[in-house]
Amino acid sequence: MATEHTDPAGPAEPAESTEHSGPIDTSGSGRSPRSTVAVLGPGGTGGLLAALLSRAGHRVVCLAQDGTAGTLRRTGIAVRSAQFGVFTASVEADTELREPVDACLVAVKHTALDAALTRVPPAVLGDALVVPLLNGVEHPAALRARYRADRVAPAVIRVESTRVSPGVIEHGSPFTEIDLAGDGVPRARLDALAAVLADAGTAARVVEDETAALWAKMAFLAPFALLTTRYGLPLGEVRTRHRVELESLVAETAAVSRACGAPADPARALTRYDAFPPAAKSSMQRDAEAGRPLELDAVGGALLRAAGRHDVPVPVTSRLVDELRAAGH
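Remember, predicted model here, so these are calculated numbers, not experimental data.

Kindly report on the overall build of the protein chain, identifying the contributing residues and their values.
Helix and strand counts for the protein chain stand at 13 helices and 13 strands. In the protein chain, buried positions account for 55% of the 329 residues. Just so you have it, the protein chain exposes about 13,100 Å², and 52% of that area is on carbon and sulfur atoms.

Here you go:
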C-alpha cells in the first residue's frame, strides 16, 4: 500500500510564445478539448489524477513497471472517493513513453525519481510540459537539466490518496487542489493544463511565483514529516508532547523560506497544525512504518542545504535529520 498525503489545508493566498500552446477550447462550450497526458507513477496521487482525466474524456498513458502496466491495461483504475464517487476508468499503460504528449505528470516518490525518469526519454517528450508533483524544492532543477527548462512546470498538490494495490485507489480527502507554477513556462501552456485538470474535477489554478509555491508546501511539510517520523507519533501527540520542538522547527523553516525569497508566517503555520486531525500522519512516517525508503534527503536534506547556502541557523532541524539518519533512514 502506498499513501500520498500532502498538505490538505486549502489553497495558499493567490499570488508569449508562438510555439505549441496545448489544447485550447474553440467549441464555445467552456470545456477543455481532449488532451493526451502521460502519468509517470500511477500510485496514490498519479493514479487518482489518471483516472479523473480519463473519466473526463482525455487520453491517459500511465508509465510504470511491466507488472503494473499490464494490470492497468487489463482492469483500468478503480477509484473509491468521497469527493468523486466510485468509478473505474480505462487508461493506456506502458513501461516507457513512446510518442509525444501534451503533458507528463511526474507523480513518483523522490526516492524513485532517477530510475523513473528513464521511462520518459527527452527526445520523445519533446515540447510537452513536465509537471512534477513531488515533495521538496530541489527537483525542478534536476528536471530542467534533463528536459527543456522552459517546459518544466512544478506543481503543488493537496490531496490524501492511497494506492491499495495496482489500479485501486482510495481517495480520502474531500478536496484535490493543484497549484501550477513554472518560471519561464509560457503562461498559455500553464493555463491550458490548468483548464484540463479543472475539467477533470480538481481545483487547479496557476500561481505566479514558483519559489513561493514550493516553499509554502516545504515549510508546512518539513516540521510535520520530521517530527512524526522521528517520534513515531501522529500529529496530535507531536503537537502536545513535542510542542517546543514543533515551534522551533516552524521558526527555522520560516527563516529559511524567507531567505530563499518566499513569504512565511510561523504563527499561521502553527494554527494550521493545531487545526489538523489529531490522528494525521505524514507520508514519511507511513513510509517508515512500512519499511519503505524515506524522502528524508528531499525534505530534511534540502532544508539543511538551503539553510547552509543562506547562513541560516537550523539546530533543531539538523539534530532531527541526524537522528533519523542514525536510525538507518
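Structure shown, so let's carry the discussion forward.
Lay out the sheet that holds strand β9 (residues 155-158) with the relevant residues and their values.
Spatially, the three strands line up as an open sheet ordered β9-β12-β13, and their pairing is mixed. In this open sheet, the two edge strands, each paired with only one partner strand, are β9 and β13 (203-206). Within the sheet, the average angular offset between the axes of one strand and its neighbour, ignoring direction, is 10°. With four bridges joining them, strand β12 (residues 177-180) and β13 adopt parallel strand pairing. Each residue of the ladder has a partner; that of Leu180, found in β13, is Val206. Across the sheet, helix α6 (residues 187-199) is in contact with β12 and β13; its angle to β13 comes to roughly 175°.

Can you break down the packing of aromatic side chains residue by residue, with the values?
Scanning all chains against the criterion turns up four aromatic pairs. With 4.5 Å between their ring centres and 15° between their planes, Phe220 and Tyr273 make a pair best called stacked. One end of the pair, Phe220, is in helix α7 (residues 210-231); the other, Tyr273, is in helix α10 (residues 266-275), with 53 residues separating them in the sequence. Taken individually, Phe220 and Tyr273 each receive the classification buried, so the pair is uniform in this respect. One aromatic cluster is present, formed by Phe220, Phe224, Tyr273 and Phe276 through successive ring pairs. Its guanidinium or amino end placed over the ring of Phe87, Arg55 lies 4.1 Å from that ring's centre, counting from NZ or CZ.

How would you summarise the nonpolar core if you had to cite specific residues and measurements?
Judged by nonpolar contacts, the single largest core of 43 residues is most densely connected at Trp215, Met218, Phe224, Val256, Tyr273 and Leu296. At the level of secondary structure, the elements contributing two or more residues to this core comprise α7, α8 (235-241), α9 (243-259), α10, α12 (296-309) and α13 (315-326). Per element, the largest residue contribution to this core is 12 residues, and it comes from α7. In this structure Met218 touches Gly136, Val137, Pro223, Ala298, Val299, Ala302 and Leu303, once residues within four positions along its chain are discounted. The next biggest cluster of nonpolar side chains, apart from the first, holds 41 residues, and it includes Val37, Ala69, Leu133 and Ile178.

Which residues make up the packing of α7 against α13, and what values go with them?
Between α7 and α13, the least distance of the axes is 10 Å, while the angle of their chain directions is 45°. With respect to α13, the axis of α7 lies oblique. As for how α7 packs across α13, the hand of that crossing is left-handed. Contacts between α7 and α13 involve Leu226, Leu227, Thr229, Arg230 and Tyr231 from the former and Thr317, Arg319, Leu320, Val321, Glu323 and Leu324 from the latter. Looking at the contact of α7 with α13, its residues break down into six nonpolar, two polar and three charged.

Quick one: what's the story with unusual backbone geometry, residue by residue and with numbers?
With a phi angle near 55°, Asp311 is a residue other than glycine that sits in the positive phi range. With respect to the helices, strands and loops of the structure, Asp311 is situated in the loop between α12 and α13.

So, the pattern of salt bridges: which residues are in play, and what are the values?
Opposite charge on two side chains allows them to pair when their charged atoms are near. The tally for this structure, following the rule as stated, stands at 27 salt bridges. Across the salt bridge formed by Glu210 and Arg144, the nearest N and O atoms sit 2.8 Å from each other. Residue Glu210 is located in helix α7, and its partner Arg144 is located in helix α5 (residues 139-146); the two are separated by 66 residues in the primary sequence. When salt bridges that share partners are traced, they join Asp127, Arg148, Asp150, Arg151 and Arg189 into one network.

How would you explain the pairing of strand β4 (residues 77-81) if you had to name every residue and give the values?
Burial along β4 is one-sided: the face carrying Ile77, Val79 and Ser81 is buried and the face carrying Ala78 and Arg80 is not. Taken together, the five bridges between β4 and strand β5 (residues 85-89) define a ladder with antiparallel strand orientation. In the sheet register, Val79 faces β5, and the bridge partner there is Phe87. Relative to strand β11 (residues 168-171), β4 runs parallel, the two sharing four bridges. Opposite Val79, over in β11, you have Ile169 as the bridge partner.

Explain α13 to me, and be specific about the residues and the numbers.
With 12 residues, α13 ought to run about 16 Å at 1.5 Å a step, and its terminal C-alpha atoms sit 16 Å apart, in line with that. Along α13, the residues classified as buried are Val316, Thr317, Leu320, Val321 and Leu324. For α13, the arc enclosing every buried residue in end-on projection is 130°, short of the 170-degree limit, so these residues lie on one face. With respect to the buried face of α13, the exposed residues turned more than 90 degrees away are Pro315 and Ala326. Looking at the buried positions of α13, the neighbouring elements they touch are α7, α9 and α12.

Describe helix α11 (residues 283-290), and please don't skip the residues or the numbers.
Along α11, the residues that are buried comprise Ser283, Met284, Gln285 and Asp287. Immediately beyond the C-terminal end of α11, within one or two residues, lies Gly291, with a positive phi of roughly 75°.

How each quantity is defined
Residues numbered from 1 in each chain as written. Predicted model: local features only at pLDDT ≥ 70, side-chain atom pairs only at ≥ 80, totals over all residues. Heavy atoms only, no water. Helix = DSSP H or I, 4+ residues; strand = E, 2+ residues; numbered from the N terminus. Buried < 20%, exposed > 50% of the residue type's maximum accessible area, 1.4 Å probe, protein only. Areas by Shrake-Rupley, 256 points an atom, 1.4 Å probe, with all protein chains shown as cover. Pairing = 2+ DSSP bridges. Axes fitted to C-alpha atoms, helices over the stretch in contact; angles between N-to-C directions. Contact = heavy atoms within 4.5 Å. Phe/Tyr/Trp six-rings, centres within 6.5 Å; stacked < 30°, edge-to-face > 60°. Lys NZ or Arg CZ within 6 Å of the ring centre and 35° of its normal. Core = buried A, V, L, I, M, F, W, Y, C linked by side-chain atoms within 4.5 Å. Parallel < 35°, antiparallel > 145°, perpendicular 65-115°, else oblique. Left-handed = near helix turned anticlockwise from the far one by under 90°. Nonpolar A, V, L, I, M, F, W, Y, C, P; charged D, E, K, R; others polar. Salt bridge = Lys/Arg side-chain N within 4 Å of Asp/Glu carboxyl O. Expected span 1.5 Å × (residues − 1). Arc of directions from axis to C-beta.

Keep in mind these values describe shape, not function.
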